[in-house]
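Observations on the model geometry
Listed here are the chains, written in short residue letters.
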2 protein chains.
Amino acid sequence: MKRTSAQKQMIKNTLKELDHPTAAELYEEIRKAYPQISLGTVYRNLNSMADAGEILRISFPDIPDRYDPNIHEHCHVACVKCGKVFDTNPLPQDLINQIAEKTQEITGVKIIDQILFLRGVCKECRGFGNDED
Amino acid sequence: MKRTSAQKQMIKNTLKELDHPTAAELYEEIRKAYPQISLGTVYRNLNSMADAGEILRISFPDIPDRYDPNIHEHCHVACVKCGKVFDTNPLPQDLINQIAEKTQEITGVKIIDQILFLRGVCKECRGFGNDED
DNA sequence: TATAATAATAGTAACGATTACTATTATTGA
DNA sequence: TCAATAATAGTAATCGTTACTATTATTATA
């Protein structure tokens, strides 16, 4: 049967404090208060929470996975320069669903997951607007 | 200045023969005719072609990148079981563009790339329809 | 409350995709 | 023909993540 642990709680709490952290970022943050925590423990707990649907795993190519305690958010943007991930909250999910349905017809692949996957350059990395807009 | 090479040509040709191959799959196929080719050479050429916009790199999380000589295709589905990638050709790109534009407003991230990222289970892996539909 | 069964952990090794490095080979402009 | 230098082959290294294993800690129950 499932058991609690101090580590699990720390991971949950720290996840809420940081903004879309990677496993490594969580690890480093928790280590400040609890140096003996293991990176494997962070991954194991993140995985089980994600599998249980308690948190969201955000997987973009080329950058480490990031995690989100807000499971209602379903679309993110990643900055190609710093790798930071942003919410895109009021997003027309219906449009994405439409596309998925059509795709299923065309390809015969039974769709179980759709993620619109946006990449760009964030304000910070653009130097607050002095670049090309 | 840029130079030609037999390897580069083989990679280009084999890319057209296979269906959305990975670098490793290309490597294995080319090795049949030219055993001394190096995996690094395959990667290097795929990268330079992709950077030059001559081919498309398809990056899904958890599976190795796949490559497509059809640069007009912009949306793919991947099977979560076998990792195969499928085209979804007549796809409403405008919808995706709409979403991207709205996202740029909300987040301030200047969007440079949008990929709708569909995952599912392909016909083959579903056993030709004897599974749940 | 003590204890036995066994989740969960820490620490480290392994993995797989990709990139980096380096000595060698091959293309090409002169 | 040949010198300059892209491109290569082969191998080592990297990085995010998972696997492994001995140890620790939780919890149901005696």
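Residues numbered from 1 in each chain as written. Chains lettered and ligands numbered in written order. Predicted model: local features only at pLDDT ≥ 70, side-chain atom pairs only at ≥ 80, totals over all residues.

**Thoughts on the overall build of chain A**
Cut-off, in case you're wondering: Secondary structure elements are taken from DSSP: a helix is a run of H or I of four residues or more, a strand is a run of E of two residues or more, and numbering for both begins at the N terminus. Exposure in this text rests on C-beta crowding, where 20 or more other C-beta atoms within 10 Å of a residue's own make it buried, 12 or fewer make it exposed, and counts in between make it partly exposed. The C-beta atoms are placed from the backbone. Remark: residues whose backbone-derived C-beta atoms lie within 7 Å of one another are considered to be in contact.
Each helix and strand counted, chain A has four helices and five strands in total. Helices and strands appear in chain A in the N-to-C order α-α-α-β-β-β-β-α-β. Its C-alpha atoms give chain A principal-axis dimensions of about 50 × 50 × 25 Å. Residues classed as buried in chain A amount to 28% of the 133 residues present. Taking as baseline every contact in chain A between residues at least 6 positions apart, the subset at least 24 positions apart corresponds to 41%.

**Some remarks on the protein's contact with DNA strand D**
Heads up, the condition is: Residues are classed as near a molecule or strand if the C-beta position derived from their backbone is within 6 Å of it. Here the nonpolar group is Ala, Val, Leu, Ile, Met, Phe, Trp, Tyr, Cys and Pro; Asp, Glu, Lys and Arg are the charged ones; every other residue, Gly included, is treated as polar.
The immediate surroundings of DNA strand D are formed by 26 residues, with G40 and D65 of chain A together with S38, G40 and T41 of chain B found nearest. Broken down by secondary-structure element, the contributors of at least two residues to the surface near DNA strand D are α3 (39–51) of chain A together with α1 (6–17) and α3 (39–51) of chain B. The dominant element in the surface near DNA strand D, judged by the number of residues it contributes, is α3 of chain B, at five residues. Looking at the surface near DNA strand D residue by residue, the classes come out as eight nonpolar, 12 polar and six charged.

**Notes on the interface of chain B and chain A**
Facing 35 residues of chain B, the contacting portion of chain A comprises 35 residues. Of all elements in the fold, only β3 (76–79), α4 (93–107) and β5 (110–121) of chain B reach the threshold of two or more residues within the side of chain B that touches chain A. Element by element, the count of residues in the side of chain B that touches chain A is highest for β5 of chain B, at 12 residues. Partitioning the side of chain B that touches chain A into residue classes produces 21 nonpolar, eight polar and six charged.

**Some remarks on the protein's contact with DNA strand C**
Taken together, 26 residues sit near DNA strand C, with S38, G40 and T41 of chain A together with G40 and D65 of chain B positioned nearest. Sorting the residues of the surface near DNA strand C by element identifies α1 (6–17) and α3 of chain A together with α3 of chain B as the ones contributing at least two each. In terms of residue count, α3 of chain A provides more of the surface near DNA strand C than any other element does, five residues in total. Residues of the surface near DNA strand C, tallied by class, amount to eight nonpolar, 12 polar and six charged.

**Things to note about the pairing of β3 of chain B**
All names here are of chain B. Selection rule: DSSP calls a pair of strands paired once it identifies at least 2 bridges connecting them.
Burial of β3 is two-sided: the residues H76 and A78 facing one way and the residues V77 and C79 facing the other way are all buried. Examined bridge by bridge, β3 and strand β4 (residues 85–87) share three bridges and lie antiparallel to one another. Each residue of the ladder has a partner; that of H76, found in β4, is D87. Connecting β3 to the next strand, β4, in antiparallel fashion are five residues, including G83 with a positive phi near 80 degrees. Two strands pair when backbone bridges link them, and β3 and β5 are joined in this way by four bridges, in the parallel orientation. Considered in β5, the bridge of A78 is made with R119.

**Some remarks on the confidence of the model for chain A**
What counts is decided by this rule: Confidence per residue, as judged by the predictor, is encoded in pLDDT with a range of 0 to 100.
Per-residue pLDDT for chain A has a mean of 86; in total, 91% of the residues score no lower than 70. Note that residues 129–133 of chain A has pLDDT below 50 and, in this model, one contact with residues that lie over four places away or in other chains.

**Quick look at the sheet that holds strand β3 (residues 76–79) of chain A**
Applied cut-off: Working convention: axes come from line fits to C-alpha atoms, limited for helices to the stretch in contact. Angles between N-to-C directions cover 0 to 180 degrees.
With respect to topology, six strands assemble into an open sheet ordered β4(A)-β3(A)-β5(A)-β5(B)-β3(B)-β4(B), the strand pairing being mixed. The sheet is open, and its two edges are formed by β4 (85–87) of chain A together with β4 of chain B, each paired on a single side. Going across the sheet, the axis of each strand differs from the next one's by a mean of 30 degrees, ignoring polarity. Strand contacts of α4 of chain B: β3, β4 and β5 (110–121) of chain A together with β5 of chain B, with the helix running at about 125 degrees to β5 of chain B, the strand carrying the most contacts.

**A word on unusual backbone geometry**
A positive phi angle, near 50 degrees, is found at H20 of chain A, a position not held by glycine. Mapping H20 of chain A onto the fold places it in the loop between α1 and α2 (23–33). Look at D62 of chain B: it is not a glycine, yet its phi comes out positive at around 75 degrees. Accessibility expressed as a C-beta count within 10 Å gives 11 for D62 of chain B, which makes it exposed.

**Here's the deal with the packing of helix α2 (residues 23–33) of chain B against α3 of chain B**
All names here are of chain B. Applied cut-off: Note on angle classes: values under 35 degrees are labelled roughly parallel, values over 145 roughly antiparallel, values of 65 to 115 roughly perpendicular, and the remainder oblique. We call a crossing left-handed when the near helix sits turned anticlockwise from the far one by less than a right angle, and right-handed when that turn is clockwise.
Put simply, α2 and α3 touch, their axes get as near as 9 Å, and they point 125 degrees apart. Judged by the angle between their axes, α2 and α3 are oblique. In this structure, the crossing between α2 and α3 has a hand that is right-handed. Of the residues in α3, those touching α2 at A23, L26 and Y27 are L39, V42, Y43 and L46. When grouped by side-chain class, the residues that make up the contact of α2 with α3 number seven nonpolar, no polar and no charged.

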